[in-house]
Amino acid sequence: MSGHSKWSTIKHKKAKEDAKRGKVFTKLIREITVAAREGGGDLASNARLRLIVDKAKAANMPQDNITRAIKKGTGELAGETYESITYEGYGPAGMAVMVEVLTDNKKRTVAAVRHAFTKLGGNLGESGAVAWMFEHKGVIRIAGDGVSEDDVVEKLIDYNVDDVKVFDSIISVLCSMTDLAAVKKGADQAGFTVEDASIEWVAKDPIAIEDKGQEEKAYKFLEALEDLDDVQNVYANLA
């Protein structure tokens, strides 16, 4: 599953490095603003906002930045209005790709996404082109140092967990979107180090790219999309 694939692990490690440089702040601020706009600014009643704020704190975002982003979302402070859009298409080696963006200028964003697809061997498709290959799932990543898959399964047995997998010292726990907050809380209470918890597009039937040259092109393509200013997340059906 893409929730614990090589690309997913690359993304996770890259996000941690970006966080050290503060590069991830802009994307997190947009997510906080939109979550507060759509569900209100109360962390206790807005589970989505609470998860994103936890992620922002883990990236060492100052509390003032978080508070301002929430107030912009609730309308207490003036700010940009972001539109949430998901683009779909195919990348090198025929992999299916989902690209989530938050933008205040749709024309600028679609031009940048289309350029990246075209330049790096992909093909931007219409809405619904590849979404049927994925499903929305809650994904919780736990630091795997000194922790086994069996440990996680045993301590989270009373929660609605769909799958637990280990990939490159990261343990991924998959669950339904509605159970994400509860499972994350359970992982925290069990003493695990939760490095990330979010709702993601998880591939139903991941594919493997056997050719190393094509695999390298695929990861270069995905990383280029990730680096676009308006792009929040990129998912692919890679094993």
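Anyway, here's the lowdown on the structure attached to this text. Quick caveat, the model's predicted, so the values are computed rather than measured.

**Structural notes on the packing of aromatic side chains**
The full count for this structure, using the stated rule, is one aromatic pair. Pairing Phe117 with Phe221 gives two aromatic rings, centres 5.1 Å apart and planes at 85 degrees, and the pair type is edge-to-face. With Phe117 in helix 5 (residues 106-119) and Phe221 in helix 8 (residues 212-226), the pair connects residues that are 104 residues apart, well separated along the chain. Judged by relative accessible area, which is 0%, Phe117 ranks as buried.

**Some details on the side chain of Gln232**
For Gln232, the position within the fold is in strand 8 (residues 231-236). Within the structure, Gln232 has its side chain in polar contact with the side chain of Glu31 (distance 3.4 Å). In this view, Gln232 contacts Lys27, Arg30, Glu31, Glu100, Val101, Leu102 and Glu226; residues no more than four positions away in its chain are not counted.

**Quick word on the pairing of strand 6 (residues 170-175)**
Taken across its six residues, strand 6 has six buried, putting it largely inside the fold. Of the two faces of strand 6, the one carrying Ile170, Ser172 and Leu174 and the one carrying Ile171, Val173 and Cys175 are both buried. When strand 5 (residues 161-167) meets strand 6, the two strands line up antiparallel, connected through six bridges. Bridge pairing in strand 6 places Val164 opposite Val173. From the end of strand 5 to the start of strand 6, which pair antiparallel, there are two residues, and Asp168 there has a positive phi angle of about 50 degrees.

**Description of the side chain of Glu215**
Within the fold, Glu215 resides in helix 8. Here Glu215 falls in the buried class, since its relative accessible area comes to 13%.

**So, helix 4 (residues 63-74)**
Residues spaced three or four apart along an α-helix face the same direction, because each turn holds 3.6 residues. Between its terminal C-alpha atoms helix 4 stretches 17 Å, which fits the 16 Å expected from twelve residues at 1.5 Å a residue. Turning to helix 4, its buried residues number three or more, namely Asn65, Ile66, Ala69, Ile70 and Gly73. Seen along its axis, helix 4 keeps its buried residues to an arc of 130 degrees; they face one direction. Buried positions along helix 4 lie against helix 2 (25-39) and helix 3 (47-58).

**Structural notes on the environment of Glu223**
Here Glu223 shows up in helix 8. Taking the relative accessible area as the measure of exposure, Glu223 reaches 30% and is therefore partly exposed.

**Describing helix 7 (residues 180-189)**
Within helix 7 the residues assigned to the buried category are Leu180, Val183, Lys184, Gly186 and Ala187. Seen from one end, helix 7 has its buried residues packed into an arc of 160 degrees, which puts them on one side. Residues Lys185 and Gln189 are exposed on helix 7 and point more than 90 degrees away from its buried face. In this fold, the buried residues of helix 7 make contact with helix 3, strand 4 (134-143), strand 5, strand 6 and strand 7 (194-203). Positive phi shows up at Gly191, right after helix 7, with a value of about 90 degrees.

**Points about the sheet that holds strand 4**
What the four strands build is an open sheet, ordered 5-6-4-7; its pairing is antiparallel. Looking at the sheet topology across the chains shown, the edges are occupied by strand 5 and strand 7. Taken pair by pair, the neighbouring strands of this sheet meet at an average axis angle of 25 degrees, ignoring direction. In the sheet, strand 4 pairs with strand 7 via nine bridges, with the strands oriented antiparallel.

How each quantity is defined
- Residues numbered from 1 in each chain as written.
- Predicted model: local features only at pLDDT ≥ 70, side-chain atom pairs only at ≥ 80, totals over all residues.
- Heavy atoms only, no water.
- Phe/Tyr/Trp six-rings, centres within 6.5 Å; stacked < 30°, edge-to-face > 60°.
- Helix = DSSP H or I, 4+ residues; strand = E, 2+ residues; numbered from the N terminus.
- Buried < 20%, exposed > 50% of the residue type's maximum accessible area, 1.4 Å probe, protein only.
- Polar contact = N/O pair within 3.5 Å; in protein donor to acceptor, adjacent residues only side chain to side chain.
- Contact = heavy atoms within 4.5 Å.
- Pairing = 2+ DSSP bridges.
- Expected span 1.5 Å × (residues − 1).
- Arc of directions from axis to C-beta.
- Axes fitted to C-alpha atoms, helices over the stretch in contact; angles between N-to-C directions.

All quantities given are derived from atomic positions and should not be read as evidence of function.
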